[in-house]
Amino acid sequence: MSTEVDNTPGPVVKRVPSKKRPRDSLCNLIQANKRTSVLNGQALTNTESSSIPLTQIMTQESRVTEQCYSDSEDLFDGYDSIINDSAFLAKLEDMEQKVENDNVGFDPRPLKDFTKQSCGDDLTDSILAEDFPDTLLRGLPSSQLAFQQDVTNPQRQPGLGMKITSTPDVKHPKLTDIPTHNNTKPARKARRSMADQLKKAMLENAGSSSRVSKTALQKEAVMTEELSVAMQTIESASMDGDLGPFFGLPSKVKDLIMRLKGVQDLYEWQKACLDLDSVKQRKNLIYSLPTSGGKTLVAEILIFKEILCRKKDAVLILPYVALVQEKVRGLASFGLELDFMVEEYAGSKGKFPPVKRRHKNSLYITTIEKGHSLVNSLIETHRLENIGLVVVDELHMLGDGSRGAILEMTLAKVLYINKSMQIIGMSATLGNIGDLQKFLKAENYTSDFRPVELKEYVKMGDSIYVVEPKEEQCFRLSRHLAFKYSSGMQKMDPDRIIALVTEVIPQQSCLIFCATKKNCENVASMICKYLLKDFLKHREEQKATLLSELRNVGNGSLCPVLQKIIPYGLAYHHSGLTSDERRLVEEAYSSGVLCLLTCTSTLAAGINLPARRVILRSPYVATEFLKRSQYKQMVGRAGRAGIDSVGESILIIQDKDKDMVKKLVSAPMEKCYSNLLHDGNKGLLSLILSLIGLNITQTVEQVLDFMSGTLLSVQETQSCLQKSLKELTEESIGILKEKGLVENSSRPSTEPCLQVTRLGRATYKGSVDLSYCDVLYRDLCKGLEGLLLNSFLHLVYLVTPYDMVSQCKPDWMLYFTQFAKLSPSEQKMAATIGVPESFLARKAAGQSVRKNVDVLVVNRLYLALVLYSLLRESNLWSISDRFQMTRGFVQTLLSSASAFCSCVLHFTEELEEFWAYKALLTELTRRLTYCVQMELIPLMEVAGVMELRAKQLYNAGFRTLAHLANADPNVLIKKVDNLFKKQAHQIVASAKMLLQEKAEALQEEFEDLLMLPVDLPSV
């Protein structure tokens, strides 16, 4: 971390030493608000004076020793002492004398507080003390409260073991007889001066023993003062005020970043970005840097500042579920240390609307889809103003199909409703960043900084060329490969991949991006055939452990390709792996156990796994030529900060692709365009539906006004070629009316208003695709006619995602075999939805089928059988083998089904006729989310704990969330195999955060129940 501090002036809490405090005025002394001196039952209170921190009072109490003080001793130990303040004492004597003169011949005291007569003191109290009421005891120190109670309850005997001190026994005075009341006026006794009385009160306070530990009281007092000082600082500061030297944050944040992230110092661009006027003034900002430039840390610092300084919630939007889970694990420790909640919104996780917290702020880490639902729920409950900051990672995803449309909807709503909310966008370098700036009303910060220098090369034949985009030829010869190939090797490896990788592995790391999943496995297998046997000895034990763990997550099964290549330090990484397998491979690569990964382009957009050298097997992704942004994302993985001084990327090309590659490496970055019109205007239709449903807009004119603030409006001339945005908007409203999702309001109004129908409300609240909302409604209605409850199959069919049906091509013989194993009631259910046994028998026999059958229903039931088998057996490997599907596809189907089940649940909650589905789908969502034995579910709720890890923890004795939250990370490391220190700390921190989140949700619910209704009728 940076050793420099922010010198920007901010509110400072200054502590003045007591010895230097001026004493030339009365106000410098009377700072003790509600500081009450109690003498023999009389309360002396100044209710109009200003407050003094509690620690000053408690500190003085702790300093009192058990001995009598002489009159010359300073009972406040040099802090606001009155003993040597002659000016104040003189004023006090004059005031007392004046009051006594005014009351000559009149005794203002009725006979009260007889205990004053029994203290063995012939002097009466100062007349000034009589004018203060006895009842104002608020704010008394503990010693004075104890003294007051003992004086007013004289019959109480000293407790056993009471410590005898050298101070006068004022707590247990010898009682005298109570004088009878008569009309005889008692003789006036000499009065004690006010100064003497104050001294006496302090002696008595010092002599009273508190029943509460003074150490505990001191700690409580210090904490109270610190909180008070912090709150006063926040209140006195402006809305963007500072709390400390680290870019407005306390130094503790800097220390945490250093300890938890290992970041010793910020890069210069990070410091410059955080010191921008736009950041300090909370303006919207887009900052663009190359991959691995450190963009995320800047966003996290701004999030901390929003939560800690402005006491507002924040939202962090990430593109993928894996990134959300990784970030939740990483920031949970910060949340525990800095006292804020970290909440996960991904897949089926996340509560809508979120729990309303009175005492803590929250950071919502969410995917694009869940982020949109989160914002909708906050708008509906009028709580969007609680969000102070929205951070979007990979802002260029605005141009990514339907997901880009959802992101644009989210940001447009935030901009329209909450003008004070700050939006921070992190983006790759774009060709039309100005359009995004105009859309977000944001400023832009751009840098070409990379922590490690990147050198780009291309390889043709045996020659390697340096990429120089500014030169006319674009490529300059660098060197020739010297690796000797046999004739057999040349046939197996015509692209000289073995020569390129053996230059860096096993001591350094390498990534090879391949065009297809199958190509990843083939390239890894080919390399192993020609590697030396010495590669087998490199970290041999760790590789054997990795194989054992992979076998465990597969319930005894292990991919034969991985079994062959891992001993050489190689592995493949693509969507065909399960999430458990991907996590194990990623951890092994990051720790150096694996030195080479063959992977698809999806790795470049996901978890950050840098390498010394990155090789692009070809300039294609599947059959499509690389885009400039894809190329930059892949080569951006080259170079490991803090390890390498330089990173290398090598693109393997053929002569036929040379010209296209020249354009690729020298072309400007692609432009980002709105996707609201993607796939038949789906985004525009969904946006308008939610605008009307949330009452953001109620008329056509208001809808048009909203649309003028979208990215589509900014790019209208490029995107709306055939019709204007106004025409498209009006046309979309008409389509929504035809679908029965929107209708004209029946309420009297000067102009026609729009409102959503019941189906429309259920559609936008469930985030259901408009293409399937009517189909889903019909399926659910039909399901109610004969819902099968003795099996999960019918419910699983109803939540099988429609959009995955097209990816399924059933094996008819296998389909018929699995169908035949169903119970009679399950087969009857299948026939009811439109898949009779006779149809499958004919298809399995290869016969023609005359009867028309809905292919969508048939294929959907086939996927439902896969999910149903998985729920019953929870063995992903055996299910993928049985249905001849890749295990990665089966897991993708499972995660998609759990997310869609959550959507269907919210859909049914808005329609009364579907009341029966609520309880059923709630439990099904939970089962689909984890798909493990019930006892493992509490552990798998913790971010980053997969099935294998959950089993290890359970077998080690950590069987509940409470066990995990209270575990010692060092004990976890010893009891759980292959658990690294960082992972153990993250698991414990995530468990603590989740446990705290659940406990506080219950506390909030409890407080809501006890809260007095604001609309309670009164007389």
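Worth saying up front: this structure is predicted, and the values here are computed from it rather than measured. Position numbers for residues start from 1 in each chain and track the written sequence from start to end. At least 70 in pLDDT is required for a residue's local features to be given in this predicted model, at least 80 for side-chain atom pairs to be given and counted, and no such filter applies to totals for whole chains, interfaces and linings, which use all residues. With hydrogens and water stripped out, all remaining heavy atoms of the structure feed into the side-chain values.

Draft legend 1. Quick look at the overall build of the chain. Assigned secondary structure in the chain consists of 43 helices and 21 strands. When accessible area is computed with a 1.4 Å probe and restricted to protein chains, residues below 20% of their type maximum are described as buried, those above 50% as exposed, and intermediate ones as partly exposed. Relative to its 1019 residues, the chain shows a buried fraction of 51%. Long-range pairs, those at least 24 residues apart, make up 72% of the contacts in the chain between residues at least 6 apart in sequence. If you sum the accessible surface of the chain, you get close to 48,700 Å²; carbon and sulfur atoms cover 53% of it. In this description a helix means any DSSP run of H or I spanning at least four residues, a strand means any run of E spanning at least two, and both kinds are numbered starting from the N terminus. Contacts between residues were defined by any pair of non-hydrogen atoms, one from each residue, lying within 4.5 Å. Surface exposure here means Shrake-Rupley accessible area, sampled with a 1.4 Å probe, where a residue is shielded only by the protein chains that are shown.

Draft legend 2. Region of interest: the packing of helix α6 (residues 251-261) against helix α9 (residues 295-309). Following both chains from N to C, one finds α6 and α9 inclined at 140 degrees, their axes separated by 12 Å at the closest point. Judged on the interaxial angle alone, α9 and α6 are oblique. The hand of the α6/α9 crossing is right-handed. Together, V253, I257 and K261 of α6 and L297, E300, I301, F304 and L308 of α9 make up the contact between the two elements. Amino acids are sorted into nonpolar (Ala, Val, Leu, Ile, Met, Phe, Trp, Tyr, Cys and Pro), charged (Asp, Glu, Lys and Arg) and polar (every other residue, Gly among them). Classifying every residue of the contact of α6 with α9 by side-chain character gives 6 nonpolar, no polar and 2 charged. Axes here mean lines fitted to C-alpha atoms, for a helix over just the part in contact, with angles spanning 0 to 180 degrees between N-to-C directions. Working rule for angles: under 35 degrees goes down as roughly parallel, over 145 as roughly antiparallel, 65 to 115 as roughly perpendicular, anything else as oblique. Helix crossings fall into two classes, left-handed where the near helix is turned counterclockwise from the far one by less than a right angle and right-handed where it is turned clockwise.

Draft legend 3. Representation of unusual backbone geometry within the structure. Of the consecutive residues F352 and P353, the connecting peptide bond is found in the cis state with omega at -10 degrees. Tracing the backbone through its elements, the reader meets P353 in the loop between β5 (341-345) and β6 (362-366). Of the consecutive residues I505 and P506, the connecting peptide bond is found in the cis state with omega at 5 degrees. Structurally, P506 can be placed in the loop between α15 (497-501) and β13 (510-513). We note that D679 has phi near 55 degrees; this positive angle belongs to a residue other than glycine.

Draft legend 4. Structural context of the sheet that holds β5. A strand pair is defined by DSSP finding two or more bridges across the two strands. Read across the open sheet, the 7 strands follow the order β5-β6-β4-β7-β8-β3-β9; overall the sheet is parallel. In this open sheet, the two strands that pair with only one neighbour each are β5 and β9 (442-446). Strand after strand, the sheet turns through a mean of 15 degrees between neighbouring axes, direction not considered. Most of the contacts of helix α10 (residues 321-338) go to β5, to which it runs at about 170 degrees, and overall it touches β4 (313-317), β5 and β6.

Draft legend 5. Here's a closer look at the sheet that holds strand β19 (residues 646-652). A sheet is described by the order of its strands in space; here 8 strands give the open sequence β12-β11-β10-β19-β16-β13-β15-β14, paired in mixed fashion. Strands with a single pairing partner mark the edges of an open sheet, and in this sheet they are β12 (475-480) and β14 (570-573). On average, each strand axis in the sheet is inclined to that of its neighbour by 25 degrees, with strand direction left out of account. By the bridge criterion, 4 bridges tie β13 to strand β15 (residues 596-599) in an arrangement that is parallel. Directly across from I512, in β15, lies its bridge partner T598. Helix α22 (residues 628-635) rests against β10 (453-460), β13, β16 (613-616) and β19 of the sheet, and its axis sits at about 145 degrees to β16. Its contacts with the sheet put helix α23 (residues 658-666) on β10, β11 (463-467), β12 and β19, and the angle it makes with β12 is roughly 110 degrees.

Draft legend 6. The pattern of salt bridges, seen in detail. Salt bridges are identified by distance alone: a Lys or Arg side-chain nitrogen within 4 Å of an Asp or Glu carboxyl oxygen. Under the criterion given, the structure shown has 42 salt bridges. One salt bridge connects E268 with K271, and the closest N-O pair in it is separated by 3.5 Å. Residue E268 and its partner K271 are located together in helix α7 (residues 268-274), separated by 3 residues, close to a single helical turn. In this structure K271 comes out as buried when scored by relative accessible area, which is 8%.

Draft legend 7. The arrangement of the packing of aromatic side chains in detail. In this scheme Phe, Tyr and Trp rings, the latter by its six-membered ring, pair at centre separations within 6.5 Å, and the angle between planes marks the pair as stacked below 30 degrees, edge-to-face above 60, and tilted otherwise. Counted according to the given criterion, the structure contains 19 aromatic pairs. Seen in terms of ring centroids, Y345 and Y364 are 5.8 Å apart; in terms of plane orientation they differ by 85 degrees. Their pairing is edge-to-face. With Y345 in strand β5 and Y364 in strand β6, this pair connects stretches of sequence that are 19 residues apart. Each member of the pair, Y345 as well as Y364, carries the same accessibility label: buried. Considering the side-chain rings of Y772 and Y802, the 5.1 Å spacing of their centres and the 15 degrees angle between planes classify their relative orientation as stacked. Of this pair, Y772 sits in the loop between α29 (758-765) and α30 (773-785) while Y802 sits in the loop between α31 (793-798) and α32 (812-820); the two residues are 30 residues apart in sequence, bridging distant segments of the chain. Clustering of aromatic rings is evident, with ring pairs tying together W812, Y815, F839, Y862 and F883. By the criterion adopted, a ring carries a charge over it if an Arg CZ or a Lys NZ lies within 6 Å of its centre and within 35 degrees of its normal. Between the NZ or CZ atom of R496 and the centre of the ring of Y485, over which it lies, the distance is 4.6 Å. The side chain of R860 reaches across the aromatic face of Y797, ending 4.7 Å from its centre.

Draft legend 8. Focus on the confidence of the model for the chain. How sure the predictor is of each residue is captured by pLDDT, a score from 0 to 100. Overall, the predicted model of the chain reaches an average pLDDT of 81, with 76% of residues at or above 70. Per-residue pLDDT stays below 50 along residues 105-140; that stretch engages in 84 contacts with residues further than four places along the chain or on separate chains. Contacts of residues 154-187 to residues separated by more than four positions or lying in other chains number 34 contacts, the stretch itself having pLDDT below 50.

Draft legend 9. Fine view of the packing of helix α12 (residues 401-417) against helix α25 (residues 700-707). For the pair α12 and α25, the least separation of the axes is 10 Å and the interaxial angle reads 105 degrees. Considering their axes alone, α12 and α25 lie roughly perpendicular with respect to each other. In this structure, α12 uses A412, K413 and Y416 to contact α25, whose residues at the interface are Q702, D705 and F706. Residues belonging to the contact of α12 with α25 are distributed by class as follows: 3 nonpolar, 1 polar and 2 charged.

Draft legend 10. Fine view of the nonpolar core. What is meant by a nonpolar core is a set of buried Ala, Val, Leu, Ile, Met, Phe, Trp, Tyr and Cys residues, joined one to another through side-chain atoms within 4.5 Å. Membership of the largest hydrophobic core comes to 127 residues, with the highest contact counts inside it found for Y287, I512 and I527. For this core, the leading source of residues is α9, giving 10 residues. Residues within four places of I527 in sequence aside, it is in contact with I497, I498, V501, I512, L570 and L596. Formed by 123 residues, the second largest nonpolar core is a distinct cluster that contains V756, L876, L905 and L921.

Draft legend 11. Local environment of the pairing of strand β8 (residues 422-427). Counting buried positions over the 6 residues of β8 gives 6, a clear majority of the element. Because side chains alternate across β8, one face comprises the buried residues Q422, I424 and M426, and the other comprises I423, G425 and S427, equally buried. Examined bridge by bridge, strand β7 (residues 387-392) and β8 share 4 bridges and lie parallel to one another. Following the sheet pairing, L389 is matched in β8 by Q422. A crossover counts as right-handed when, viewed with the strands pointing away from the observer, the path leading from the first strand over the helix to the second turns clockwise. This β-α-β element, β7 to α12 to β8, shows right-handed connectivity.

Draft legend 12. Inspection of helix α34 (residues 837-844) at higher detail. Taken residue by residue, α34 has F839, L840 and A844 as its buried positions. Summarising the axial view, the buried residues of α34 lie within an arc of 130 degrees, below the 170-degree limit, and thus occupy one face. Those residues of α34 hidden inside the fold are in contact with α32 and α35 (855-873). Two residues or fewer past α34, G846 is found with a positive phi of approximately 80 degrees. Summarising the geometry, the arc corresponds to the directions from the helix axis toward the C-beta atoms.

Draft legend 13. Structural detail: α9. How far a helix is expected to stretch is found by multiplying one less than its residue total by 1.5 Å. End to end, α9 covers 21 Å across 15 residues, agreeing with the expected 21 Å (1.5 Å per residue, within 8%). Burial runs high along α9: 13 of the 15 residues are buried. Count one or two residues on from α9 and you reach K311, which has phi positive near 55 degrees.

Draft legend 14. Seen up close, the pairing of β16. Judged by which residues are buried, β16 turns out to be covered on both faces: R613 and I615 on one side and V614 and L616 on the other are all buried. One ladder, built from 4 bridges, connects β13 with β16; its direction is parallel. Directly across from I512, in β16, lies its bridge partner I615.

Draft legend 15. Just a negative patch on the surface, in detail. On the surface, E701, E727, E730 and E751 cluster together into a negatively charged patch. Mapped onto the fold, E701 is located in helix α25. The patch calculation keeps residues exceeding 30% relative accessible area without a salt bridge and links them within 9 Å when they carry like charges or within 5 Å when they are nonpolar (Val, Leu, Ile, Met, Phe, Trp, Tyr). The positive count covers Lys and Arg only, the negative count covers Asp and Glu only, and His and the chain ends enter neither. Throughout, a charge is located at the NZ atom of Lys, the CZ atom of Arg, the CG atom of Asp or the CD atom of Glu.

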